[in-house]
Amino acid sequence: MSQTENPVGRILIADDNEQNRELLEAYLSDEPHEILMAADGQETVAVAREKQPDLILLDIMMPKMSGYEVCQKLRADESTAKIPVLMVTALKEMGDIEKAVAAGADDFLTKPVHRLELKTRVRSLLRVRHLSNERDRLLAYLAEVDSSASPK
């Protein structure tokens, strides 16, 4: 695949369990992503605002703020609202999935995570993020061209 088809990105892994964070990082280690880590909900929001990752892998059951709350906070903040969120959790009930979607999650993976499934979803969400960014840049450029072409 070309670089455009498979954009490399900055990924924030948010999980209170260090072994889970390290496992997800290891699964993604053969691609040159920049990996950021957060161990609780508050840290996740702070890192997302400061570092502007291209994707967040977010556990639901975390201290200080649940993944649901984190997702809602990210969606409510203009600076982080468009960052794709992939919920990664041990919760398996349909109600949990519905709650994650209602909070603004883009996708959902159940633990134990399978490496190929994780990599496929990450690749897909990064591609969507890349295309969304390109669209936004193009729309801003067109608006600029349009305003400069308009008679004053």
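Procedures and definitions
Residues numbered from 1 in each chain as written. Predicted model: local features only at pLDDT ≥ 70, side-chain atom pairs only at ≥ 80, totals over all residues. Heavy atoms only, no water. Helix = DSSP H or I, 4+ residues; strand = E, 2+ residues; numbered from the N terminus. Buried < 20%, exposed > 50% of the residue type's maximum accessible area, 1.4 Å probe, protein only. Contact = heavy atoms within 4.5 Å. Areas by Shrake-Rupley, 256 points an atom, 1.4 Å probe, with all protein chains shown as cover. Lys, Arg positive; Asp, Glu negative; His and termini not counted. Charge placed at Lys NZ, Arg CZ, Asp CG, Glu CD. Core = buried A, V, L, I, M, F, W, Y, C linked by side-chain atoms within 4.5 Å. Pairing = 2+ DSSP bridges. Axes fitted to C-alpha atoms, helices over the stretch in contact; angles between N-to-C directions. Right-handed = clockwise from strand over helix to strand, strands pointing away. Arc of directions from axis to C-beta.

Visitor: It is not clear to me how the overall build of the protein should be interpreted in this structure. Could you clarify?
Guide: When helices and strands are tallied, the protein shows five helices and five strands. Each helix (α) and strand (β) of the protein, taken in turn from the N terminus, gives the series β-α-β-α-β-α-β-α-β-α. Along the first, second and third principal axes, the C-alpha set of the protein runs to 60 × 35 × 30 Å. Looking at the protein as a whole, 41% of its 152 residues are labelled buried. Looking at the protein alone, contacts between residues at least 24 apart form 61% of all its contacts between residues at least 6 apart. Here the protein displays about 8,600 Å² of accessible surface, and carbon together with sulfur accounts for 53% of that area. Seen as two clouds, the 20 positive and the 27 negative side-chain charges of the protein have centres 2 Å apart.

Visitor: Before we go on, may I ask you to explain the nonpolar core in this structure?
Guide: Buried together is how nonpolar side chains tend to be arranged in soluble globular proteins. One finds Leu 12, Ile 56, Leu 58, Val 70, Cys 71 and Met 87 to be the most contacted residues of the largest nonpolar core, which totals 23 residues. Put simply, the parts of the chain that give this core at least two residues each are β1 (10-14), β2 (34-38), α2 (41-51), β3 (55-58), α3 (67-76), β4 (85-89) and α4 (94-103). It is α3 that contributes the most residues to this core, four residues altogether. Apart from the residues within four sequence positions on either side, Leu 12 is in contact with Leu 36, Met 37, Ala 38, Thr 44, Val 47, Ala 48, Pro 53, Leu 55, Ile 56 and Leu 57. By size, the runner-up hydrophobic cluster in this structure holds 15 residues, among which are Tyr 27, Leu 28, Leu 55 and Leu 86.

Visitor: When you look at the sheet that holds β1 in this model, what are you seeing that I'm missing?
Guide: Backbone-to-backbone hydrogen bonds pair the strands of a sheet. The strands run either parallel or antiparallel. The strand order across the open sheet formed by five strands is β2-β1-β3-β4-β5, and the pairing between neighbours is parallel. The sheet is open, and its two edges are formed by β2 and β5 (107-110), each paired on a single side. With direction set aside, neighbouring strand axes in the sheet form an average angle of 20 degrees. Where β3 meets β4, three bridges bridge the pair, whose relative direction is parallel. Across the sheet, residue Ile 56 finds its bridge partner in β4, namely Val 85. Across the sheet, helix α5 (residues 115-149) is in contact with β1, β3, β4 and β5; its angle to β5 comes to roughly 170 degrees.

Visitor: What's the story with the pairing of β5 in this structure? I'm lost.
Guide: Every regular strand shows the same layout, with side chains that alternate between the two sheet faces. Bridge count between β4 and β5: four bridges; the pairing is parallel. The partner of Val 88 across the bridge, within β5, is Leu 109. Taken together, β4, α4 and β5 form a β-α-β motif whose crossover is right-handed.

Visitor: I tried to follow α3 on my own but got confused; where do I start?
Guide: For an α-helix, 3.6 residues make a turn, and residues three or four places apart therefore share a direction. All buried positions along α3 are accounted for by Gly 67, Tyr 68, Val 70, Cys 71 and Leu 74. Considered in projection along α3, the buried side chains sweep an arc of 160 degrees and stay on one side of the axis. Where α3 is buried, its residues touch α2, β3, β4 and α4.

Visitor: What am I meant to see in unusual backbone geometry here?
Guide: In terms of backbone geometry, most residues other than glycine have negative phi values and most peptide bonds are trans. Cis rather than trans, the peptide bond between Lys 111 and Pro 112 has omega equal to 0 degrees. Assignment of secondary structure puts Pro 112 in the loop between β5 and α5. The residue Gln 52 is not glycine, and still its phi comes out positive at about 50 degrees. Here Gln 52 shows up in the loop between α2 and β3.

Visitor: Explain the pairing of β3 here, please?
Guide: Alternating positions in β3 separate into two faces, Leu 55 and Leu 57 on one and Ile 56 and Leu 58 on the other, with burial throughout. Where β1 lies against β3, four bridges are found, and the strand directions are parallel. The partner of Ala 14 across the bridge, within β3, is Leu 58. In terms of handedness, the path from β3 via α3 over to β4 forms a crossover that is right-handed.

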